[in-house]
Protein chains: 2
Amino acid sequence: MSSSNSPAEPGAVPVDVDRLLLAALARDGRASYTELAEKVGLSVSAVHQRVRRLEQRGLITGYRAVLDPKLLGLPLTAFVSITPIGAQNEDPPALLSHLSAIEECHSVAGQESYILKVRVASPDALELLLREIRACANVSTRTTVVLSTLYEDRPPI
Amino acid sequence: MSSSNSPAEPGAVPVDVDRLLLAALARDGRASYTELAEKVGLSVSAVHQRVRRLEQRGLITGYRAVLDPKLLGLPLTAFVSITPIGAQNEDPPALLSHLSAIEECHSVAGQESYILKVRVASPDALELLLREIRACANVSTRTTVVLSTLYEDRPPI
DNA sequence: TGTGAAAAATGGGGCGC
DNA sequence: GCGCCCCATTTTTCACA
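Reading guide: rules and limits
Residues numbered from 1 in each chain as written. Chains lettered and ligands numbered in written order. Predicted model: local features only at pLDDT ≥ 70, side-chain atom pairs only at ≥ 80, totals over all residues. Heavy atoms only, no water. Axes fitted to C-alpha atoms, helices over the stretch in contact; angles between N-to-C directions. Helix = DSSP H or I, 4+ residues; strand = E, 2+ residues; numbered from the N terminus. Parallel < 35°, antiparallel > 145°, perpendicular 65-115°, else oblique. Contact = heavy atoms within 4.5 Å. Near = heavy atom within 4 Å. Polar contact = N/O pair within 3.5 Å; in protein donor to acceptor, adjacent residues only side chain to side chain. Nonpolar A, V, L, I, M, F, W, Y, C, P; charged D, E, K, R; others polar. Buried area = accessible area lost by both parts, 1.4 Å probe. Salt bridge = Lys/Arg side-chain N within 4 Å of Asp/Glu carboxyl O. Pairing = 2+ DSSP bridges. Least-squares fit on C-alpha atoms with pLDDT ≥ 70 in both.

> For this particular structure, what's the right way to read the packing of helix H1 (residues 17-27) of chain A against helix H3 (residues 44-56) of chain A?
Any two packed helices are characterised by the angle at which their axes cross and by the distance between the axes. All names here are of chain A. Between H1 and H3, the shortest axis-to-axis distance is 11 Å and the interhelical angle comes to 75°. Looking at the two axes, H1 sits roughly perpendicular to H3. Every residue of H3 that contacts H1 at Val17, Asp18, Leu21, Leu22 and Leu25 is listed here: Val47, Arg50, Val51 and Leu54.

Encoded structure:
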């Protein structure tokens, strides 16, 4: 179930149509089926079928508008590494999930237990957020402030 | 230039229509103007106008399909912090931008100079990538492997 | 799976208010 | 800035290969 393409003639590059569709949609989530069909050289309905299958198989998990955090009033980004204090039976991600300033939460190997990516309006807001994180989840924090973002949200494909 | 809404009658919550649209589109980038119009209680053309303005003002920078990295064959995520070695006149982000495994690149305050978020197929691929990063950009690396991702891509709004 | 065509819904622009 | 009408395009579904 990993290959759904022709047997790949030697010499011809066996472009995977589904890959092309995923790459196109990762770059422009509103691309019309007509555009996509032209790009991959299939009919509109074939493309429609393939995209539906990609959605059903979970390869495409959703569609998002990408917003500019600065223009939204959230110019300050930071990575917050957290370490539980004392009792280890708590679940920091769950205890913190209501904080909408937290955009990502990863469990990680290394000195600390989790890494959060957060966005706030100002240094003051960051200070308040850190206090909340420490209080809610009973953790200590180590914060790395982002000075500038060179690139972000680059499609993995 | 910060308010574009009605004078807000006392008692009624003065919901900012543009915020609602941004939040809706951040969650479903393919929402139709009809859906959006129902959600905010305006006509389709009014919504259409507002969304166009949000795009033109740069608040909406694009639309993306969100893909599942695991199903794409990139189950291993890591944060790589890098520190330049020797000459400081080089530009690591530029020297590394061709590496498609790098999804994000941030300049940061703290011990290290940059933080990268990378996605690879395997530990072997990670080792190769780290070698490439060190060789291309003349940097040392410190890598934090992600064990699991609790949440990611949460809309900032 | 892919193709083609027909019905239904949506996108996009202009005009009056 | 909003609402409504009109038309091109697109989406969605169908039978057929």
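So, next bit.
> Any chance you could explain the protein's contact with DNA strand D here in plain terms?
Neighbouring residues of DNA strand D: 15 residues in total, closest A:Tyr33, B:Ser43, B:Ser45, B:Arg50 and B:Arg53. A:Tyr33 places a polar main-chain atom, nitrogen or oxygen, 2.9 Å from a phosphate oxygen of DNA strand D. In this structure, a base nitrogen belonging to DNA strand D sits 2.4 Å away from a side-chain N or O atom of B:Ser45. Among the elements that take part in the surface near DNA strand D, helix H3 (residues 44-56) of chain B stands out by supplying 5 residues, more than any other.

> Can you walk me through the packing of helix H2 (residues 33-40) of chain B against H3(B) in this structure?
All names here are of chain B. Direction vectors running N to C along H2 and H3 enclose 100°, while the axes themselves pass 8 Å from each other. Overall, the two elements H2 and H3 adopt an arrangement that is roughly perpendicular. Here Tyr33, Thr34, Leu36, Ala37 and Val40 of H2 come into contact with H3, specifically with Val44, Val47, His48 and Val51. Taken together, the residues of the contact of H2 with H3 break down into 7 nonpolar, 2 polar and no charged.

> Can you walk me through the interface of chain B and chain A in this structure?
Frequently, the measure chosen for interface size is the accessible area that the parts lose on association. Counting from both sides, the interface comprises 56 residues of chain B and, opposite them, 56 residues of chain A. For the pair chain B and chain A, the two sides together bury roughly 5400 Å², of which 55% comes from carbon and sulfur. Among the residues of chain B in contact with chain A, B:Arg30, B:Arg64 and B:Tyr151 are the three that bury the most area, contributing 15% of the side total. Joining chain B to chain A, the criterion identifies 2 salt bridges. The shortest N-O distance in the salt bridge between B:Glu104 and A:Lys117 comes to 2.9 Å. At the junction of chain B and chain A, the tally comes to 43 residue pairs in polar contact (both at pLDDT 80 or more). For the side of chain B that touches chain A, the element with the most residues is strand S5 (residues 139-151) of chain B, which contributes 9 residues. Of the residues assigned to the side of chain B that touches chain A, the class counts are 31 nonpolar, 11 polar and 14 charged. Direction of pairing for strand S5 (residues 139-151) of chain A relative to strand S3 (residues 102-108) of chain B: antiparallel, over a ladder of 4 bridges. Opposite A:Val146, over in S3(B), you have B:Val108 as the bridge partner.

> Would you mind showing me how to read the relation of the copies chain B and chain A here?
Superposing the two chain copies requires a rotation about an axis and a translation along that axis. Of the two same-sequence chains, chain B is brought onto chain A (RMSD 0.1 Å, axial shift 0.0 Å) by a rotation of 180°. Read as a symmetry element, the transformation amounts to a two-fold axis. The rotation axis passes nearest to the C-alpha of B:Arg64 in chain B, at a distance of 2.7 Å. The share of interface residues of chain B whose copies in chain A are also at the interface is 100%, consistent with both copies meeting through the same surface.

So far we have only geometry, and geometry alone does not tell us how the molecule works.
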